[in-house]
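Listed below are the residues making up each chain.
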Amino acid sequence: MPVEGVKAVTNGFGAPRRRYTGGIMYEGGAGSLYFFPTDKVSDEQARRWLREGPPQKRLWVISCLLRYAQWNDIWTYVTREEVRDCFAELDLTPNLRAAWGRMLKVEAPVG
């Protein structure tokens, strides 16, 4: 409901701006998370893989989060410490690895 004297925030095309967290998180199908572009993965499945899945599946989920998810969405699934612990094994491009390494204060191996 519009409030008198308060301008609505729009997306540049006149439509109301929506946050990724919430409705848009599930683009691409019923319950599919937007940060898995090649597979339909539900919130429940992603959380299960992070908790108890095989190590390679866990690394894949974290890699997708760091590659495709919005900042606030990432930290609803993993902690910075969890990312640091497996950082060397994540599937990231060199540019993303360098950027995330700086943000997380992960030291690059020497040599």
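Note that the coordinates shown come from a computational prediction; the quantities given were computed from them, not determined experimentally. (Residues numbered from 1 in each chain as written. Predicted model: local features only at pLDDT ≥ 70, side-chain atom pairs only at ≥ 80, totals over all residues. Heavy atoms only, no water.)

Re the pattern of salt bridges
When the charged atoms of two side chains lie near each other, side chains of opposite charge can form a pair. To keep it simple, the criterion reads: Salt bridges are counted wherever a side-chain nitrogen of Lys or Arg sits within 4 Å of a carboxyl oxygen of Asp or Glu. Only DSSP runs of H or I reaching four residues or more are called helices, and only runs of E reaching two or more are called strands; each is numbered from the N terminus.
This structure, assessed with the given rule, holds six salt bridges. In this structure, Arg48 and Glu44 form a salt bridge, with 2.8 Å as the shortest nitrogen-oxygen distance. One end of the pair is Arg48 and the other is Glu44, both in helix H1 (residues 43-52) and four residues apart, which spans about a single turn. The residue Arg67 makes a salt bridge to Asp91 at a minimum N-O spacing of 3.8 Å. One end of the pair, Arg67, is in helix H2 (residues 55-68); the other, Asp91, is in the loop between helix H4 (80-86) and helix H5 (94-104), with 24 residues separating them in the sequence.

Things to note about the packing of aromatic side chains
What counts is decided by this rule: Pairs were defined over the aromatic rings of Phe, Tyr and Trp, the Trp ring being its six-membered one, requiring ring centres within 6.5 Å. Orientation was assigned from the angle between planes: stacked under 30 degrees, edge-to-face over 60, tilted for the rest. Consider the ring centre and the ring normal. A charge sits over the ring if Lys NZ or Arg CZ is within 6 Å of that centre and within 35 degrees of that normal.
Summed over the entire model, instances satisfying the criterion amount to eight aromatic pairs. What links up through ring pairs into an aromatic cluster is the set Tyr34, Phe35, Phe36, Trp49, Trp60 and Tyr77. Across the ring face of Tyr77, the terminal group of Arg47 is positioned such that the distance to the ring centre comes to 4.1 Å.

Digging into the packing of H1 against H2
Helix packing geometry: the angle between the two helix axes and the distance between the axes. Formally: Axis geometry follows a simple rule: fit a line to the C-alpha atoms, using only the stretch in contact for helices, then measure angles between N-to-C directions, giving values from 0 to 180 degrees. Any angle from 65 to 115 degrees is called roughly perpendicular, while one under 35 is roughly parallel, one over 145 is roughly antiparallel, and all others are oblique. Throughout, a crossing is termed right-handed when the near helix is turned clockwise from the far one, and left-handed when it is turned anticlockwise from it by less than a right angle. We call two residues in contact whenever any of their non-hydrogen atoms come within 4.5 Å of each other. Each residue gets one of three labels, nonpolar for Ala, Val, Leu, Ile, Met, Phe, Trp, Tyr, Cys and Pro, charged for Asp, Glu, Lys and Arg, and polar for the others, Gly among them.
In the contact formed by H1 and H2, the axes pass within 8 Å of each other and the chain directions differ by 125 degrees. As judged from the angle between their axes, H1 and H2 are oblique. Considering only the axes of H1 and H2, their crossing is left-handed. Each of Ala46, Trp49 and Leu50 in H1 lies in contact with H2, whose residues at this interface are Lys57, Arg58, Trp60, Val61 and Ile62. Across the contact of H1 with H2, the residue classes break down as six nonpolar, no polar and two charged.

Re the environment of Arg48
Defined as follows: A 1.4 Å probe rolled over the protein chains alone gives each residue an accessible area, and that area as a share of the maximum for its type sets the label: buried under 20%, exposed over 50%, partly exposed in between.
Judged by relative accessible area, Arg48 falls into the partly exposed class, the value being 28%. Along the primary structure Arg48 and Arg58 are separated by ten residues, whereas in three dimensions their C-alpha atoms are 9.1 Å apart.

Remarks on H5
Two residues of an α-helix separated by three or four positions point the same way, owing to the 3.6 residues in each turn. Which entries qualify depends on this criterion: The arc in question is traced by the directions running from the helix axis to the C-beta atoms.
Taken together, the buried positions of H5 are Trp100, Gly101 and Leu104. Buried residues in H5, looked at end-on, bunch into an arc of 105 degrees, giving them a common side. Exposed and oriented more than 90 degrees from the buried face of H5 are Pro94, Asn95 and Arg102. Against H2, helix H3 (71-74) and H4 lie the buried residues of H5. Positioned one or two residues after H5, Lys105 has a phi angle of 55 degrees, which is positive.

Thoughts on H2
Note the threshold: Working rule for helices: expected span equals 1.5 Å times residues minus one.
The terminal C-alpha atoms of H2, which comprises 14 residues, lie 20 Å apart, in line with the 20 Å expected from a rise of 1.5 Å per residue. For H2, the set of buried residues is Leu59, Val61, Ile62, Ser63, Cys64, Leu65 and Leu66. Lining the buried residues of H2 we find H1, H3, H4 and H5.

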